[in-house]
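# A look at the structure
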Amino acid sequence: MTSPDPLAPALPSPLQEVEDDRFSARGVRLLLKRDDLVHPELIGNKWRKLVPNIEAARGRPLVTFGGAYSNHLRATAAAGRLLGLPTVGVVRGQELADRPLNPSLARCAADGMRLHFVERSVYRRKGEPETLAAILRAAGAEDAYAVPEGGSNTAAVRGCRELGAELRGRADVVAMACGTGGTLAGLAAGLGPGQRALGVPVLRGGFLEADVQALQERAFGARTGDWTLDDRFHCGGYARSTPELDAFAADFEDRHGLPVERLYVAKLLYGLAALADEGAFARGATVAAVITGRPFPPDQPASR
């Protein structure tokens, strides 16, 4: 395989305490696990999930899947550029093929990723072996190593277990925003006794618990660790927002000098503040929020 040096991470990522009266007034200590500082281009959990898959690919081209604003597609394209590996991105939405590329897809293309657009109805069936084979044939990626949407598979889940290990004994609750659930599955497995992982889904649907459990069963043989989900803070679905969420994110940035990524991190922090206000965390508890990304592009889309 090409030398992994360009992907060398800064681990363990820093754990930063912030003073925020929305938490301290409830007797709760808030820590930020700065996984956004792991690597300058493979941000946070994208590094933790992609690198094990790159190692498994053993130098083969990578093909993966995502929507028009997928952080995972951008990370895969960046990894391909850094390592000199060809990459193919299968993008949900055939109608996008005839439109100018948005900033996220333009970054993928600039990093050398070949984009292949598919009908949304076909994309939804990509988990079916025959449909997947047809997509790969049409994309000219039959010989490539396939990384699933969001990078969440057994290799990724095992890679994310180290995130939990880095936080053993450091917090009572470790919380993160969830898309496909792979990072939560690994995080929960890596935590120590008495610690709980909390997932805040950014998509609607209530499907994630079954997905996380299935990922853990494939990676570890059984449901592992103490983890729960709270589905109340998706704000309408992926890449959707509300005036309250926007105001909260801007206020958090002003208070703490941390640029808040809107698709995932804003919903996580907003949800934690709401839970603190509800008294969901015991007085004296320490809550660690995993910061998985940085803002890109500056203006996020209004709909999925």
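Residues numbered from 1 in each chain as written. Predicted model: local features only at pLDDT ≥ 70, side-chain atom pairs only at ≥ 80, totals over all residues. Heavy atoms only, no water.

In spatial order, the strands read β1-β2-β10-β7-β8-β9; together these six strands make up an open sheet with mixed pairing. At either end of the open sheet lies a strand with only one pairing partner, and these are β1 (15–18) and β9 (227–229). Averaged over neighbouring strand pairs, the angle between their axes works out to 25° when direction is ignored. As paired strands, strand β7 (residues 173–178) and strand β10 (residues 286–290) are joined by three bridges and run parallel to one another. Bridge pairing in β10 links V174 to A288. Across the sheet, helix α9 (residues 208–220) is in contact with β7, β8 (196–201) and β9; its angle to β9 comes to roughly 150°. (Pairing = 2+ DSSP bridges. Helix = DSSP H or I, 4+ residues; strand = E, 2+ residues; numbered from the N terminus. Axes fitted to C-alpha atoms, helices over the stretch in contact; angles between N-to-C directions. Contact = heavy atoms within 4.5 Å.)

Take the packing of aromatic side chains next. Applying the stated criterion to the full structure yields four aromatic pairs. When the ring of Y238 is compared with that of Y264, the centres are 5.9 Å apart and the planes differ by 70°; the resulting orientation is edge-to-face. Highlighted residues: Y238 in the loop between β9 and α10 (243–256) and Y264 in the loop between α10 and α11 (265–278), separated in sequence by 26 residues. For Y238, a relative accessible area of 13% corresponds to the buried category. Y264 gets classed as buried once you look at its relative accessible area, which sits at 15%. Ring geometry for F248 against F252: centres 6.1 Å apart, planes inclined by 35°, an arrangement best described as tilted. Of this pair, F248 and F252 are both found in helix α10, four residues apart, which corresponds to roughly one turn of the helix. The pair F248 / F252 is uniform in exposure class, with both members buried. Grouped by ring-pair contacts, the aromatic residues F233, F248, F252 and Y270 constitute a single cluster. Positioned above the aromatic ring of Y123 is the side chain of R92, whose terminal nitrogen or guanidinium carbon lies 5.4 Å from the ring centre. (Phe/Tyr/Trp six-rings, centres within 6.5 Å; stacked < 30°, edge-to-face > 60°. Buried < 20%, exposed > 50% of the residue type's maximum accessible area, 1.4 Å probe, protein only. Lys NZ or Arg CZ within 6 Å of the ring centre and 35° of its normal.)

As for its position among the elements, N102 is in the loop between β4 (87–92) and α4 (103–110). Take N102: its relative accessible area is 13%, and that puts it in the buried class. As a C-alpha pair, N102 and Y264 span 162 residues in sequence and 19 Å in three-dimensional space. Here N102 is in contact with A68 and Y69, once residues within four sequence places are set aside. A distance of 2.7 Å separates a polar atom in the side chain of N102 from the backbone nitrogen of L105. (Polar contact = N/O pair within 3.5 Å; in protein donor to acceptor, adjacent residues only side chain to side chain.)

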